[in-house]
Amino acid sequence: MTESMRPSRRDFLNWVSASGIALSLSPLASAEAAGLPPRASLPGRSNWNPAANGAGRVDGVAKVTGAKLYASDFRASDLPGWPAKTSHAMLIRAPDATHVYLGMDLGRLTGALKPSVVVTAADLARIGARVPEFYAGDLFCPLGKTPIYLGQPVGLLIFETFDAFDQARLALRDGTFVKFGEETGPVAMPAYGAYRFTRVAGATPDTPDVYSPILAGWVSPGRSQSSPLPIWSPAAKDTEAAYAKAAVHGERIRGELAAKNPNLLVLDREFETQSVDPMFLEPESGLAWYDGRSGGLELVLGVQSPYEAADSIAHLLGEARAPFKPARINAQFTYMGGGFGGRDHTPFVLYVALAAMFFPGHPVRLAHDRYQQFQGGIKRHPFKMRSKIGVDRATGKIRAFAADHVLDGGGLANFSPNVATVGATAAIGIYDIPKVDVTTVALHSRGVTAGSMRGYGTLQTMTALEVLVDEVATALPLDPIEFRRRNALGPKGRTMTGNPYGVSVRTPEILDKLEKHPIWQQRARHKSAAPQGVLVGTGVACVTKDYGTGADCSLGRIELSPDGKVTIYCDHTEMGNGIGTALANRVALHLGAVADEVSVARVDTYDALGLVTSGDPYTMDQKTQDAAERNPRWVPAISSATSASIGAHVGTHAAAEAARVIFRFGLWPAALQLWGIAPNDRRAKDWSKAQWKDGQLVLSGLAPLPLPALAATAHARNLVTGAVAHSFSRWDWSRARFPLFGEQYRAEIDALAVRRGGGRFERINRLNVKFPPTDNNRIGTSYTSMCGTLVRIEIDRGSGALRIAKAYSVFECGQALVPEVVMGQAQGGFAMGVGYALLETLPPFEGGPGNGQWNLGQYLVARGSDLPLHDLEIEMLPPLTPDEPPKGMAEVVMVPVVPAILNAIFDATGRRFQSLPVTASLLKGVLA
Amino acid sequence: MTKLSLTINGRALGPVDVRDELSMNDFLREYLGMTGTKFGCGAAQCLSCAVIVDDPDGTSYTSPTCVASAVSFDGKTIRTIEGHARDGELSALQKAFIAHFAFQCGYCTAGFLNEGQVLLERLAKAPVKRADLESTIAEALDGHICRCTGYIKYHEAVRDVILADSKRYIVANQ
């Protein structure tokens, strides 16, 4: 297998799906008529404003007053045009994956409790439903088969009234009505993906690499017929040449690590991570109504990936027989009660749609309770890792690193291949290592499906690395921060795929901050001053985490009214990340005012661009891209999921570019008019010298101009008052020129439409588009952010109870669009890191969440009392330059917390834990 | 079926017939459409479903609604997140939550708001020493789970409301 089979993070989407079902997607616009807030208004202008300069979340008032915002809040009666009554569906899942499924015994549901409709695998086969490739596997386990995973759905029960539903769910709570027969053992299925990343640097930093994924492409091994595990050896029969080349280099690196060499310190360690649940607070929920007469399927969903959800539903029903194929699908998207990756590409939405299709004429709500969310929701991958590191004893420089990762992907492939590759390419963290060889394989198991979750594989691999590095520093011995400084990758150094980072690299600055911090400086003193019965230890870790997926899209539309009010539309979704507020602030940099209205999850307001797409942006070759881009409406992809920490960097990009166009071709010429500056005056080109100050445009020596006056002039003179833009990033933005007002305007966008005065939006055909080259698909990480953490812990010898006494995290994120949100994300990332390190765990199979009996209480997440609420210091480095673009940071802030705690535990106890979580009972055990 | 009467946000409701096993959470969300009160775990572990119960003696406390039956609220007076603002004017705590960026996704906000409000009212009657303020807030809010924020900004928001009116909440001369 070669790079052409590299997994796509997302299937591409078309406006009209291949099935011929018309798709339309919008936020809950119809809720507006019901007096609900479909668009978040800023708590300023007409309402109370918490901060004079327009700060505060755009969704702030709605969230503190209990407004209907989340998918779980809506019922049919909230939605104009829908029937008044809501019916309720229950998704039944298999608590067993080692016995043949025999069916549901619903005998206990009698009289009014009988479901109106029961949907099973046979029904899906009967109507001709198709499972989208991304979710390959039976949506319902057929009779006579062993479920392929614990928690695989077996049926959908639909009840006309809430009363019937509520009583039935009580009657079915114990799950024993799902019947199983003969024991078969778990179902064996092939691995989801296997890859090898090998790099051999040239003799000096300036010479080209001998071998790298950038030079040679990404490679995968062959597979044996009899085992799900791949064959890593280069010498195996039928091994492809491209793979063999990497494997020969890789085996040589491993040989060097195995050789007896007294000058080289070699450590060979295993590390294991656990399965955890994202535990977003709102369980998955959706509402759908199939009006059998008009043929429309209406949906209300809360997901991170709206395009994908609608397209998957269209695929599911695209070839269904009448009347199970809707003529059109109208999906509306809500705010989310947390996401953390777990609502990106979730199969849950397929069942919401099926519930409606099988009960036409009735709006149907499908909502997980917490037990069901544990049983069926996407999990974080457990990793088993073996890592070998070779360090020159004299210089303290890392010479070589080799690792083997095995991921448990659970029942469905979902994002397993991608998590494997992202985890593998993060395996050397912040370090510059000339010889690297990492293999990774994601396996199927009967566990609950694992997929996207904050950290996306890097949390697991960098935790193992940073714990290993700490052990190396102890063994050399060398101060842990000095060891990191000697080995840190510089701005021009090459990552393990062979490319340099495309953004700022501030590791030395972060290491300096860590080293000078009192927690680090006073570590020996606090350790020696530990009270009787208490062990004190200090730990450090420093990591870097990519943001972006390598094929990210940004859509934005800005409108400026004649009285200077700004309205922003964006296709990214709100899960707590503050995207709306970030948009408002980023656009304000160009337009001088915080928006009056921000509308997120909008995928319906970009028609003016007339975008089309084809192919897979991750695997496309250059020739195909070159041919496709001749169509001025073609882009490699239209819309992205809100994931991969791209909110600030990607989600706001197109809106910012649209605002820039409005400034340049609307407000600036209006200003010239008001200032009386003629077009041939040399100052007419001084737009970059003008600045916004307190809502007024200021240029030296001229009267400041308020935004409303400029907007009125722009409207009156038929200048640009609105813009719609699209851009695409493959570790670099697309670029194009657009003919506007007699000049060729250059921007980092690939599609543009503008509105003049109060007119309609008109598309501006691009010239000389430059999409990022398809070879960039060989990059592992180009956009990255750094974060370091220090923790001081105290462990009670008697009970093993661990308290975090002091902590400090320092990170960089370019220009922080909403510093308060950034700090909140960093604090939340710290809390989630503590939970992962010390508390959270799910058993993989029987006895695990797939049995439908798990809930909070048994599953522990960090509460306030687990955290140093008054002793956590977080420092956000200022941007390197005032115009440094925002960098994603919501994931990286979680990662170093985990190894820093483990390293502190070693410092306190002398014990290196090689698996997670390190619970109080484990600590008590080793201290006994 | 049992007759249920109660007062919600100052408005009397009932008597209405409800099934004995119907949860208070479903009564609010499914029958009254009051979805500001959230459903998180159904096991009284996260408290996103908590409402304020006002006792006749003038004391108030929060109660989860997910594991409590609707009929167990018969005769009671409760407040939910929908009832904190008066005539469109947000309460001091609501304003502080916004100003501090206390929440992110906001799904746990109703529970924190109710718990914080009960604390404010308790401290107004029985002020604490300044030195005990942080631990008092921490104890009051600890039952509530937030997965996004790390809790710090919630605590700061509650603390700042108290300190902004310290004569009311803090024991003098401390």
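Report on the accompanying structure. Just so it is clear, the structure is predicted and the values come from calculations on it, not from any experiment.

Turning our eyes to something else, we now look at unusual backbone geometry. Residue and element names in this part refer to chain A. With omega at 0°, the peptide bond leading from Ala 322 into Pro 323 counts as cis. With respect to the helices, strands and loops of the structure, Pro 323 is situated in the loop between helix H6 (306-317) and strand E14 (328-333). Cis geometry is adopted by the peptide bond preceding Pro 917, which originates at Leu 916 and carries an omega value of -5°. Summarising the element assignment, Pro 917 is placed in the loop between helix H21 (897-909) and helix H22 (920-927). Phi angles above zero are rare outside glycine, and Asp 694 is one such case at about 50°. For Asp 694, the location among the structural elements is in the loop between strand E23 (691-693) and strand E24 (696-698). Since its relative accessible area comes to 77%, Asp 694 is described here as exposed. In this structure, Trp 731 takes a positive phi of about 60° despite not being glycine. Tracing the sequence through the fold places Trp 731 in the loop between strand E26 (720-729) and strand E27 (735-740).

Here the focus is the interface of chain B and chain A. Counting residues at the interface gives 48 residues for chain B, matched by 64 residues for chain A. The largest share of the area that chain B buries against chain A comes from Phe 101, Gln 104 and Arg 147 of chain B, three residues that together contribute 19% of it. At the boundary of chain B and chain A, one finds eight salt bridges. Our count for the contact surface shared by chain B and chain A stands at 27 residue pairs in polar contact (both at pLDDT 80 or more). Of all the secondary-structure elements, those providing two or more residues to the side of chain B that touches chain A are helix H1 (24-31), helix H2 (92-99), helix H3 (109-125) and helix H5 (152-164) of chain B. Looking at the side of chain B that touches chain A, the element that brings in the most residues is H2 of chain B, giving five residues. Here the side of chain B that touches chain A is composed, by residue class, of 21 nonpolar, 15 polar and twelve charged.

All names here are of chain B. Their axes nearest at 10 Å, the elements H3 and helix H4 (residues 133-141) cross at an angle of 135°. Accordingly, the angle class assigned to the pair H3 and H4 is oblique. The handedness of the crossing between H3 and H4 is right-handed. Facing H3, whose interface residues are Phe 112, Glu 115, Gly 116, Leu 119, Arg 122 and Leu 123, H4 presents Leu 133, Thr 136, Ile 137, Ala 140 and Leu 141. A breakdown of the residues in the contact of H3 with H4 according to their chemical character gives seven nonpolar, two polar and two charged.

About the cut-offs
- Residues numbered from 1 in each chain as written.
- Chains lettered and ligands numbered in written order.
- Predicted model: local features only at pLDDT ≥ 70, side-chain atom pairs only at ≥ 80, totals over all residues.
- Heavy atoms only, no water.
- Helix = DSSP H or I, 4+ residues; strand = E, 2+ residues; numbered from the N terminus.
- Buried < 20%, exposed > 50% of the residue type's maximum accessible area, 1.4 Å probe, protein only.
- Contact = heavy atoms within 4.5 Å.
- Buried area = accessible area lost by both parts, 1.4 Å probe.
- Salt bridge = Lys/Arg side-chain N within 4 Å of Asp/Glu carboxyl O.
- Polar contact = N/O pair within 3.5 Å; in protein donor to acceptor, adjacent residues only side chain to side chain.
- Nonpolar A, V, L, I, M, F, W, Y, C, P; charged D, E, K, R; others polar.
- Axes fitted to C-alpha atoms, helices over the stretch in contact; angles between N-to-C directions.
- Parallel < 35°, antiparallel > 145°, perpendicular 65-115°, else oblique.
- Left-handed = near helix turned anticlockwise from the far one by under 90°.

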